[in-house]
Amino acid sequence: MFDLKKWIAKASETLQALAYTNSQTVYGDYCKVERVGRIVNVVGQSSDWSIPQRQYRSLTTLPTWARPTNTIVATVEAYGGQNFISVMITPNGLVQLYSTGATSYWRYNVCLL
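A few points on the structure. All values reported here derive from a predicted model rather than from experimental measurement. (Residues numbered from 1 in each chain as written. Predicted model: local features only at pLDDT ≥ 70, side-chain atom pairs only at ≥ 80, totals over all residues. Heavy atoms only, no water.)

### Overview of the packing of aromatic side chains
Point 1. Using the criterion set out here, one finds six aromatic pairs in the structure.
Point 2. Connected via pairs of aromatic rings, a cluster forms that spans Y27, Y30, W49, W106 and Y108. (Phe/Tyr/Trp six-rings, centres within 6.5 Å; stacked < 30°, edge-to-face > 60°.)

Take a look at the structure:
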């Protein structure tokens, strides 16, 4: 049997979770985070922040409300080059970038659920 009171309570809980929003510029255009409900979007771009060849470079630390529960690794768009670039976000909020060749031109967008 359909329980209308339970359905309304669950719908209300879901709407409250979705209504929670927060955004913060963590480190200029290099790292911005936005949270809507349980979804966190981490974005950044650069034309002047260099990543050395074959080394991780720490970019910033995310606020506690934006941190993933597990380490996330994602590819990064490399502007005008043939470098492979990745971003790693750890549960303690550390954001690091890695590139196969030295570069300053990159952009990333990581969605955390």
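### Topic: the pairing of strand β1 (residues 21-27)
Point 1. Two strands pair when backbone bridges link them, and β1 and strand β2 (residues 31-36) are joined in this way by six bridges, in the antiparallel orientation. Along β2, the bridge assignment pairs T25 with K32.
Point 2. The turn joining β1 and β2, which pair antiparallel and follow one another in sequence, is formed by three residues; a positive phi near 50 degrees is taken by G28. (Pairing = 2+ DSSP bridges. Helix = DSSP H or I, 4+ residues; strand = E, 2+ residues; numbered from the N terminus.)

### With respect to the pattern of salt bridges
Side-chain pairs of opposite charge can arise where the charged atoms are in close proximity.
Point 1. In total, this model carries two salt bridges according to the counting rule given.
Point 2. The partner of K32 in a salt bridge is D29, and the shortest N-O contact between them spans 3.2 Å.
Point 3. Between R107 and E77 there is a salt bridge, with the nearest N and O atoms lying 2.5 Å from each other. Of this pair, R107 sits in strand β8 (residues 106-112) while E77 sits in strand β5 (residues 72-78), and the two are 30 residues apart along the sequence.
Point 4. Residue classification places E77 among the partly exposed residues on the basis of a relative accessible area of 37%. (Salt bridge = Lys/Arg side-chain N within 4 Å of Asp/Glu carboxyl O. Buried < 20%, exposed > 50% of the residue type's maximum accessible area, 1.4 Å probe, protein only.)

### Here we look at the environment of R107
Point 1. The partly exposed category is assigned to R107, whose relative accessible area is 38%.
Point 2. In the structure, R107 is positioned 106 residues away from M1 in sequence and 51 Å away in space, judged by C-alpha atoms.
Point 3. Excluding anything up to four places from it in sequence, R107 contacts G44, Q45, V76, E77 and Y79.
Point 4. Within polar-contact distance, the side chain of R107 engages the side chain of E77 at 2.5 Å.
Point 5. Separated by 3.4 Å, the side chains of R107 and Y79 make a polar contact. (Contact = heavy atoms within 4.5 Å. Polar contact = N/O pair within 3.5 Å; in protein donor to acceptor, adjacent residues only side chain to side chain.)

### Observations concerning the pairing of strand β6 (residues 85-89)
Point 1. Taking burial as the measure, the five residues of β6 include five buried ones, the bulk of the element.
Point 2. Bridge analysis of β5 against β6 gives five bridges, and the strand direction is antiparallel. Among the inter-strand pairings, V76 is bridged to a residue of β6, identified as I85.
Point 3. Connecting β5 to the antiparallel partner β6 that follows it, the hairpin turn spans six residues, and G80 within it adopts a positive phi of roughly 60 degrees.
Point 4. Inspection of the sheet shows β6 paired to strand β7 (residues 94-99) by five bridges, in the antiparallel sense. Its bridge partner being in β7, I89 is matched across the sheet by V95.

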